[in-house]
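Okay, here's what each chain looks like letter by letter:
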Amino acid sequence: MAYEDDLELGRLRQEAERRKRELEELQRQELQRIRELEQGKADRNGYDPELDSAFAVSGNEQRPNTRQSVQQNPDMRYDDEQLEKRKQQMKNREERNRQERIKQEKKNSKASQPRKRTFDPDQAVSDEEFISSYEDDDYDSDYDDDREYEERRRRKSREESESLKNRKDGRDDKKSKKKKKKSPAAKFFRRLVAILLILLLVFALAIGNITRRFKNLDSEVSKRPTAMKKGIVNVLLIGEDARDGQSGQRTDSMILMSINTTKNCVSMTSLMRDMYVDIPGYGGDRINAAYAYGGIDLLDQTIEENFGITIDGNAKVDFDGFLEAMTAVGDLDMDLTAEEAQYMNENPGFGSNNDASDEVWDLHEGKNRLTPSQLLAYSRIRYIGNSDWDRTERQRKVIAASVSRVKHGHFISGYKMATKAAPSIATDIGTWGMMRVAFGIITGGEMKSHIIPVEDTYYGDYIDGMDVLVPDLEQNRDYLQKYMNGEE
């Protein structure tokens, strides 16, 4: 459609150009006649009213002898009033023609089919009639119509473009409405994120305050760049067998707490203190002798080299520290066997740091609410049941119950318990590492309890005057990896 309109517009422009040239020639001739007319008016000699005509004679008609016509009919003399009247008639005719063209173009624009401007022979006029309908400014009027048509065409193009844009905007509006429909969920999500960030900040501040209360334990493992940054965090819990005024004693208990942040599981694995292993620089000996020989660093190195694991941090407590920590946590419920209840009633001194006590206990078989001193005695029982195997299990039960009390209690009460217990514990774990440990314990579910060496993976022997357990290190390494990965 646009191509046909352009062709039609070009044809009309060529036609207008041709008629413009003809009009200019007629205007030149008309000016010449007007000059002759004015000259005739001056002397009234030889006046010819035909010279005053604005119309040319069409066809092969012969122009009459105007001088003879004037002499025969003096009323044909042309005056100024008739000239003005003729000019006004020409203007009125031009206006009517222009209105008719505009009306016709409006009618064509309303048609359902694309408008085509074609030449109609029935509506054609002679060159004389076409030229007679214009004055000096008629050509400009014709171009005004062309410009008006071109403007309408451009306006239509703009309207189509705007319509397309509006349809696109309509789709965008629908999308925006959909987004608006989702806005409540987005608003809820933003609020949830804000609440979680606030809780995380409060949690970090609380852990930081607790961490500052711990006793500082200097160790090499805490200085490693990768410490506390892996998917599995291993913390060695050490119970020091030291009475009042004693130091450099052997470790009474060693429990490896593994927090698997990938699988959200936590395990506690007791390392039997009588295992016979190689202590770097000292040869074969019981594993708990490593702490007496070289402190926490040698103990960490011994466990890592024999069992193929990496320790990320340590936490140590002695008898006094245990009592203080349990005092902060409070009394705990424990199931006692008849033998355990009787043994504790007969040896209340095991609940103190010097093995002496004036307390009288009346414990019984079944569930008992144990005080901090009774919990210490319960953790130290060695000669009831399966000796040291059952003793390590009791220790894990006490730790699990203490963590559960802090974990499942009210946040404020748990924070108070941890704050009171912290000064009795020595650790090399910083705030960031403690946050990982605390978060892993909170989200890790129930702790799983294990022991190394595993049954049927060791044998008992008597070496250098010591009763020892000789483990199959390869098998126990595999079991320990499974425990850390939450597979057992």
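Residues numbered from 1 in each chain as written. Predicted model: local features only at pLDDT ≥ 70, side-chain atom pairs only at ≥ 80, totals over all residues. Heavy atoms only, no water.

A look at the sheet that holds strand β1 (residues 215-216)
In spatial order, the strands read β1-β10-β7-β2-β3-β4-β11; together these seven strands make up an open sheet with mixed pairing. The open sheet has two edge strands, β1 and β11 (448-452), and neither has a second partner. Pairing geometry for strand β7 (residues 313-317) and strand β10 (residues 426-427), over two bridges, is antiparallel. Looking at β10, one finds that K316 is bridged to A426. Of the strands in this sheet, β2 (232-240), β3 (251-260), β4 (265-271) and β11 are in contact with helix α13 (residues 473-484), which crosses β11 at around 165°. (Pairing = 2+ DSSP bridges. Helix = DSSP H or I, 4+ residues; strand = E, 2+ residues; numbered from the N terminus. Contact = heavy atoms within 4.5 Å. Axes fitted to C-alpha atoms, helices over the stretch in contact; angles between N-to-C directions.)

Details of a nonpolar patch on the surface
Where nonpolar side chains cluster on the molecular surface, the patch consists of F188, L192, I195, L196 and L199 and spans about 500 Å² of accessible area. Mapped onto the secondary structure, L192 falls in helix α5 (residues 138-213). For L192, a relative accessible area of 35% corresponds to the partly exposed category. (Patch = residues over 30% accessible without salt bridge, like charges linked within 9 Å, V, L, I, M, F, W, Y side chains within 5 Å. Areas by Shrake-Rupley, 256 points an atom, 1.4 Å probe, with all protein chains shown as cover. Salt bridge = Lys/Arg side-chain N within 4 Å of Asp/Glu carboxyl O. Buried < 20%, exposed > 50% of the residue type's maximum accessible area, 1.4 Å probe, protein only.)

Let's talk about the environment of D285
Looking at where D285 falls in the secondary structure, it is placed in strand β6 (residues 283-286). Looking at D285, its side chain comes within polar contact range of the side chain of Y293, at 2.6 Å. (Polar contact = N/O pair within 3.5 Å; in protein donor to acceptor, adjacent residues only side chain to side chain.)

Observations regarding the confidence of the model for the chain
Overall, the prediction assigns the chain a mean pLDDT of 77, with 74% of residues at 70 or greater. Here helix α2 (residues 66-72) is the element of the chain with the lowest mean pLDDT, 46, and strand β5 (residues 276-279) is the one with the highest, 96. Residue range residues 45-78 is modelled with pLDDT below 50. Its contacts to residues more than four positions away, or to other chains, number 45 contacts. Predicted confidence is poor over residues 112-119, with pLDDT under 50, and the contacts of this stretch with residues over four places away or in other chains come to 14 contacts. (pLDDT = per-residue confidence, 0-100.)

Remarks on the packing of aromatic side chains
For the structure on display, the rule yields four aromatic pairs. Where Y479 meets Y483, the ring centres are 6.3 Å apart and the plane angle is 35°; that geometry is what we call tilted. Pair noted here: Y479 and Y483 are both in helix α13, with a separation of four residues, about one helical turn. By relative accessible area, which is 28% here, Y479 ends up partly exposed. (Phe/Tyr/Trp six-rings, centres within 6.5 Å; stacked < 30°, edge-to-face > 60°.)

A look at helix α6 (residues 289-307)
Its 19 residues give α6 an end-to-end C-alpha distance of only 17 Å, which falls more than 12% under 27 Å, the value for a rise of 1.5 Å per residue. Of all bends in α6, the biggest is about 135°, found at G295. Here α6 has its buried residues at A289, A290, Y291, I296, L298, L299, D300, T302, I303, E304, N306 and F307. The first or second residue beyond α6 is G308, which carries a positive phi of 65°. (Expected span 1.5 Å × (residues − 1). Bend = angle between axes of the 7 residues up to and from the residue.)

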